[in-house]
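# Commentary on secondary and tertiary structure
So you can see what is in the structure, the chains are spelled out below.
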Amino acid sequence: MSESSQVGRGKGVGLGLALGSAVAFGGSGVAAKPLIEAGLDPLHVVWLRVAGAALVMLPLAVRHRALLRSRPALLAGFGLLGVAGVQAFYFASISRIPVGVALLVEYLAPALVLGWVRFVQRRPVTRAAALGVVLAVGGLACVVEVWSGLSFDALGLLLALGAACCQVGYFVLSDQGSDSGEAAPDPLGVIAYGLLVGAAVLTVVARPWKMDWAVLADTAHMDGTPVAAALLLAWIVLVATVVAYVTGVLSVRRLSPQVAGVVACLEAVIATVLAWFLLGEHLSAPQIVGGAIVLAGAFIAQSSAPAKSPAEPVASGGPERELSARENIP
């Protein structure tokens with residue numbers, strides 16, 4: 001297989017993983033809302049989500065326990081920022097500002113990732129990558145109909161911005177060590193310990209001992225259709241968390257933090273579409289147009305950026321360099 005074919009295949013797999021992660025993450029709200037309406041506190045749903053996923057991934061944590069000695073800072077950072085931070089800041093922000101506005105601010109993360117790449121890593125960023133971010137953020141403004149909630153709360157906005165910064169940490173930390181070959185930390189081990197750290201932090205914040213556990217043994221309603229609460233929780237834990245984090249981290253390893261971040265903007269579009277079909281929350285014309293704009297921004301960003309080429313400008317259209325041996329593994 002030629003070098004260009006290997007690069008193209010790596011980008012294709014990475015894009016597929018990023019889309020899968022966006023779909024998995026996007027389905028979390030649709031499953032969580034019936035549980036919240038059934039009587040669970042939002043923070044308790046978040047704790048169940050992260051703690052349940054940590055339990056599922058526990059065998060992998062035991063298997064990769066050497067990471068505790070070799071990469072303690074990475075594990076702590078991923079758990080605090082990529083897991084607990086995003087969730088806690090987001091749910092705190094929606095208690096003060098509209099959900100749509102909070103979601104839009106949180107998904108400023110791709111722009112912040114580009115800023116990290118340009119000003120911290122000092123790598124060049126092309127106009128195509130910047131255009132993709134602008135389109136994605138503009139499209140999100142239409143999807144969440146930001147104009148419907150213009151009475152802003154300063155603290156609420158700061159909390160939402162905190163969620164965006166934590167999401168930047170998620171993408172940047174997911175990429176750590178991906179160019180180290182055999183010495184790279186195993187992504188599954190990083191996710192497992194990140195979830196354990198996140199669960200520990202959220203236990204203090206959510207105080208699950210005050211939760212109404214009886215709700216989980218009852219039935220919730222999804223647009224009038226009765227659904228077992230335990231089934232919704234299983235979806236949130238297994239698909240919207242375990243599958244979402246695994247595919248998300250692997251996509252960053254094959255693409256780059258900035259490209260995966262822009263593709264992740266599709267989560268808001270997917271969440272809105274799923275809410276339309278499953279919860280009866282219909283889309284308006286601006287939301288449909290906004291979704292199309294987000295798709296265009298994500299396409300421009302991913303198609304104009306090499307998978308991994310630190311010597312080339314980010315999102316340049318020039319020849320792509322050889323991928324690391326780890327990324328060439330199918």
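Fair warning: this is a prediction, and the values are worked out from it, not measured in the lab. (Residues numbered from 1 in each chain as written. Predicted model: local features only at pLDDT ≥ 70, side-chain atom pairs only at ≥ 80, totals over all residues. Heavy atoms only, no water.)

## Examining the side chain of Thr 241
Along the polypeptide, Thr 241 turns up in helix α10 (residues 229–254). Among the residues examined, Thr 241 registers a relative accessible area of 0% and is labelled buried. (Helix = DSSP H or I, 4+ residues; strand = E, 2+ residues; numbered from the N terminus. Buried < 20%, exposed > 50% of the residue type's maximum accessible area, 1.4 Å probe, protein only.)

## Let's talk about α10
Here α10 is 26 residues long and its end C-alpha atoms lie 36 Å apart, about the 38 Å a rise of 1.5 Å per residue gives. For α10, the principal kink sits at Ala 244 and spans about 30°. (Expected span 1.5 Å × (residues − 1). Bend = angle between axes of the 7 residues up to and from the residue.)

## Some words on the nonpolar core
Core analysis: the largest hydrophobic core is formed by 66 residues, its most contacted members being Leu 40, Phe 78, Leu 195 and Tyr 245. The element that contributes the greatest number of residues to this core is α10, accounting for 11 residues. Beyond its immediate sequence surroundings of up to four residues, Leu 40 is in contact with Leu 35, Val 45, Leu 48, Met 211, Asp 212, Val 215 and Leu 216. Counting 20 residues, the second largest nonpolar core, distinct from the first, contains Tyr 107, Ala 136, Val 263 and Val 269. (Core = buried A, V, L, I, M, F, W, Y, C linked by side-chain atoms within 4.5 Å. Contact = heavy atoms within 4.5 Å.)

## Observations regarding the pairing of strand β2 (residues 225–228)
In regular strands, side chains alternate between the two faces of the sheet. Strand direction decides the pairing type here: strand β1 (residues 219–222) and β2, joined by 4 bridges, are antiparallel. Counted as the bridge partner of Met 222 is Thr 225 from β2. What sits between the antiparallel neighbours β1 and β2 is a turn of 2 residues, in which Asp 223 has the positive phi angle 55°. (Pairing = 2+ DSSP bridges.)

## Brief notes about the packing of helix α8 (residues 154–174) against α10
The interhelical angle for the contact between α8 and α10, taken along N-to-C directions, is 60°, at an axis separation of 8 Å. Judged on the interaxial angle alone, α10 and α8 are oblique. In this structure, α8 contributes Tyr 170, Phe 171 and Ser 174 to the contact, and α10 contributes Ala 244, Tyr 245, Gly 248, Val 249, Val 252 and Arg 253. Tallied by class, the residues present in the contact of α8 with α10 amount to 6 nonpolar, 2 polar and 1 charged. (Axes fitted to C-alpha atoms, helices over the stretch in contact; angles between N-to-C directions. Parallel < 35°, antiparallel > 145°, perpendicular 65-115°, else oblique. Nonpolar A, V, L, I, M, F, W, Y, C, P; charged D, E, K, R; others polar.)

## Structural notes on the environment of Val 23
On the secondary structure map, Val 23 appears in helix α1 (residues 3–37). Placed 243 residues apart in sequence, Val 23 and Leu 266 show a C-alpha to C-alpha distance of 7.9 Å.

## Some points on the packing of aromatic side chains
This model, assessed by the stated rule, comprises 6 aromatic pairs. Both rings, one in Trp 47 and one in Trp 213, keep their centres 6.1 Å apart while their planes meet at 90°; by these two values the pair is edge-to-face. Note that Trp 47 is positioned in helix α2 (residues 42–63) and Trp 213 in the loop between α9 (187–206) and β1, a separation of 166 residues in sequence. Here Trp 47 falls in the buried class, since its relative accessible area comes to 15%. Ring centres of Tyr 170 and Phe 171 lie 5.0 Å apart, and the angle between their planes is 65°; on these two criteria the pair is classed as edge-to-face. Each of the two residues, Tyr 170 as well as Phe 171, counts as buried. Ring pairs connect the aromatic residues Phe 25, Phe 78, Tyr 170, Phe 171 and Tyr 245, which therefore count as one cluster. (Phe/Tyr/Trp six-rings, centres within 6.5 Å; stacked < 30°, edge-to-face > 60°.)

## Regarding the side chain of Gln 87
Within the fold, Gln 87 resides in helix α4 (residues 72–93). Relative accessible area serves as the criterion here: at 8%, Gln 87 is assigned to the buried category. The contact partners of Gln 87, leaving out residues within four places of it in the chain, are Val 46, Arg 49 and Tyr 245.

## Some remarks on the environment of Ala 240
If you trace the backbone, Ala 240 turns up in helix α10. Residues Ala 240 and Arg 49, spaced 191 residues apart in sequence, show a C-alpha to C-alpha distance of 8.4 Å. Apart from residues no more than four positions distant in its own chain, Ala 240 is found in contact with Ala 24, Phe 25, Ser 28, Arg 49 and Trp 235.

## Re helix α6 (residues 109–120)
What α6 keeps buried is the set Ala 109, Pro 110, Val 113, Leu 114 and Val 117. Down the axis of α6, the buried set is contained in an arc of 150°. They therefore lie on one face. Positioned one or two residues after α6, Arg 122 has a phi angle of 60°, which is positive. (Arc of directions from axis to C-beta.)

## Observations regarding a nonpolar patch on the surface
There is a patch of nonpolar side chains on the surface, built from Leu 80, Leu 81, Val 201, Val 204 and Val 205 and spanning about 390 Å² of accessible area. Within the residue set of the nonpolar patch, elements represented by two or more residues are α4 and α9. Its location among the elements puts Val 201 in helix α9. (Patch = residues over 30% accessible without salt bridge, like charges linked within 9 Å, V, L, I, M, F, W, Y side chains within 5 Å. Areas by Shrake-Rupley, 256 points an atom, 1.4 Å probe, with all protein chains shown as cover. Salt bridge = Lys/Arg side-chain N within 4 Å of Asp/Glu carboxyl O.)

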